[in-house]
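Commentary on secondary and tertiary structure
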Amino acid sequence: MIRLDGVSRTFRGPRGTVDALHEVSLDVRDGEFVAVVGRSGCGKSTLLRMVAGLLETSGGRILVGGTPVAGPRRDVALVFQRPALLPWRSVLDNVLLPVEMFGWKRGAYRGRALALLETAGLGGFEKRLPHELSGGMQQRVALCRSLIGRPKVMLMDEPFSALDALTREELAGELQRVHMESAATTLFVTHSIDEAVLLADRVAVLTPRPGRIRKIVEVNIPRPRTLGRNEHQAEVARCSAELHELLMSRAGEEGAETFTPITSLGRRPPTS
Ligand SMILES: Nc1ncnc2c1ncn2[C@@H]1O[C@H](COP(=O)(O)OP(=O)(O)OP(=O)(O)O)[C@@H](O)[C@H]1O
Ligand SMILES: [Mg+2]
């Protein structure tokens, strides 16, 4: 469904050039959920923006549903870190925004919008304005808005990172349910190993500057998954530990000691 073929991106500016991504290749199958993790600045948002058609590649090619990406598409939904709701529009009108933008019939989608809000726990809030809702509720509205057109592809850039830990966990659980129902092909950027292990079929770990795929970790845990005590705890722990090691160590150090032992910190090299 999504194919990245040797995708690179360089940013040129007055203060020099940045190789943000270098020859990234990745196939996301129909209905698959792939999480992308990596240190800050390794090119995750750049990658997502290119798949969304908001940014051009410097090299390589990206196909969605077999066609090269040439700009934003109506069957591809985007969710960002901040909900980006229009403050003067009601909750319902925010959810219906893509319907207007793409010139679809509003009447045909009103019922779906209300049903989505209901399942997101926002029944009765449809006439409110965004500022009357909490951050978590606003992000739920953004999630409903992204789902209104039954997208085939969902691109999500740290959608829950601005929320408190409990709301985050709750919304991640909600997203799992949505994904199991809609089977949309999903590319999900996160800093949270827990979120990646809860949600993803595979987790792509990027190296920093330039961003390359360091490793793709498979998460073989049946759904629905939970983070607390469960029968697959051993597999959850194994995936989390592997991701943690990949993120903490530098490239080329796999298997090497990840952390400097505390006893050796501050010790000067021997002088003779
Ligand atoms: N428009 C731009 N102009 C110049 N450099 C940019 C631009 N956008 C991104 N970069 C650079 O590209 C690199 C990757 O940025 P990107 O935002 O993709 O990282 P990220 O992995 O999403 O980081 P974070 O986890 O902090 O969100 C960074 O070094 C950044 O400075
Ligand atoms: Mg980012």
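Here, the structure is the one placed above.
The notes below deal with the structure included here. (Residues numbered from 1 in each chain as written. Chains lettered and ligands numbered in written order. Predicted model: local features only at pLDDT ≥ 70, side-chain atom pairs only at ≥ 80, totals over all residues. Heavy atoms only, no water.)

On a plain count of helices and strands, the chain comes out with eight helices and 10 strands. What you see for the chain is a C-alpha radius of gyration of 20 Å, in line with the 19 Å of a compact globule of 272 residues. In the chain, which comprises 272 residues, the proportion classed as buried is 45%. Long-range contacts, defined here as pairs at least 24 residues apart, represent 68% of the contacts in the chain between residues at least 6 apart. Summed over all atoms, the accessible surface of the chain reaches about 14,500 Å², with 51% contributed by carbon and sulfur. Across the chain, the mean location of the 37 positive side-chain charges is 5 Å away from that of the 31 negative side-chain charges. (Helix = DSSP H or I, 4+ residues; strand = E, 2+ residues; numbered from the N terminus. Rg over C-alpha atoms; globule rule 2.2 N^0.38 Å. Buried < 20%, exposed > 50% of the residue type's maximum accessible area, 1.4 Å probe, protein only. Contact = heavy atoms within 4.5 Å. Areas by Shrake-Rupley, 256 points an atom, 1.4 Å probe, with all protein chains shown as cover. Lys, Arg positive; Asp, Glu negative; His and termini not counted. Charge placed at Lys NZ, Arg CZ, Asp CG, Glu CD.)

Now for the layout of surface pockets. Space inside the largest pocket adds up to approximately 470 Å³. Around the largest pocket, the lining is made up of 22 residues, and of these Val-76, Ala-77, Leu-78, Pro-98 and Met-101 lie nearest the centre. The residue inventory of the lining of the largest pocket, partitioned by class, reads 17 nonpolar, two polar and three charged. Of the domains in this structure, domain 1 (1-75 + 151-160 + 182-272) and domain 2 (76-150) are the two that each give at least three residues to the lining of the largest pocket. Considering only enclosed or pocket space, the second largest pocket measures out at about 340 Å³ in volume. Every residue lining the second largest pocket is counted, 19 residues in all, and those nearest its centre are Arg-112, Leu-116, Leu-147, Val-178 and Glu-181. Secondary structure elements with two or more residues in the lining of the second largest pocket: helix H4 (106-119), helix H5 (135-147) and helix H6 (165-182). With five residues, H6 is the single largest residue contributor to the lining of the second largest pocket. When its residues are assigned to classes, the lining of the second largest pocket shows 10 nonpolar, two polar and seven charged. (1 Å grid on protein atoms, 1.4 Å probe; cavity = no way out; pocket = protein on both sides within 12 Å on 5 of 7 lines; lining within 4 Å. Points joined across faces, edges and corners; volume = space filled by probe spheres on them. Nonpolar A, V, L, I, M, F, W, Y, C, P; charged D, E, K, R; others polar. Domains from an automatic or database assignment.)

It is worth spelling out the state of the cysteines at this point. This structure, assessed with the given rule, holds zero disulfides. Lacking any disulfide linkage, Cys-239 is separated from the closest cysteine sulfur, that of Cys-42, by 20 Å. (Disulfide = S-S within 2.5 Å.)

Counted under the stated rule, the structure contains 16 salt bridges. Three or more residues joined by partner-sharing salt bridges are found here, namely Arg-89, Asp-93, Glu-100 and Arg-106. (Salt bridge = Lys/Arg side-chain N within 4 Å of Asp/Glu carboxyl O.)

This part covers the pairing of strand S9 (residues 202-207). Here S9 lies mainly inside the structure; six of its six residues are buried. Side chains Arg-202, Ala-204 and Leu-206 of S9 all project onto a buried face; the interleaved residues Val-203, Val-205 and Thr-207 project onto the opposite face, where all are buried too. One ladder, built from four bridges, connects strand S3 (residues 33-37) with S9; its direction is parallel. Bridging from a neighbouring strand, Val-34 pairs with Arg-202 of S9. In this sheet, strand S10 (residues 212-218) lies alongside S9 in antiparallel orientation, the contact comprising six bridges. Residue pairing in the sheet places Val-203 in a bridge with Val-217 of S10. Turn length for the S9-S10 hairpin, with the two strands adjacent in sequence and antiparallel, is four residues, and the turn residue Arg-209 shows positive phi of about 30°. (Pairing = 2+ DSSP bridges.)

According to the stated counting rule, one finds two cavities of 30 Å³ or more in the structure shown. Its volume calculated, the largest cavity comes out at about 40 Å³. Around the largest cavity, the lining residues are Leu-78, Val-79, Phe-80, Arg-82, Pro-83, Ala-84, Gln-139, Ala-142 and Arg-145. By residue number, the principal contributor to the lining of the largest cavity is H5, which donates three residues. A class-by-class count of the residues in the lining of the largest cavity yields six nonpolar, one polar and two charged.

The subject of this paragraph is the site of ligand 1. Taken together, 14 residues surround ligand 1, and among them Ser-40, Gly-41, Lys-44, Ser-45 and Thr-46 come closest. Between ligand 1 and Gly-41 there is a distance of 2.7 Å, counted from an oxygen atom to a backbone nitrogen or oxygen. One of the side-chain N or O atoms of Arg-209 is found 3.5 Å from an oxygen atom in ligand 1. Considered on its own, ligand 1 offers 640 Å² of accessible surface; in the complex 65% of this is hidden by protein. Listed by contribution, the elements that provide at least two residues to the shell around ligand 1 are strand S2 (16-28) and helix H1 (44-51). Grouping the amino acids of the shell around ligand 1 by side-chain chemistry returns four nonpolar, six polar and four charged. (Near = heavy atom within 4 Å. Polar contact = N/O pair within 3.5 Å; in protein donor to acceptor, adjacent residues only side chain to side chain.)

In short, shape yes, function no, at least from these values alone.
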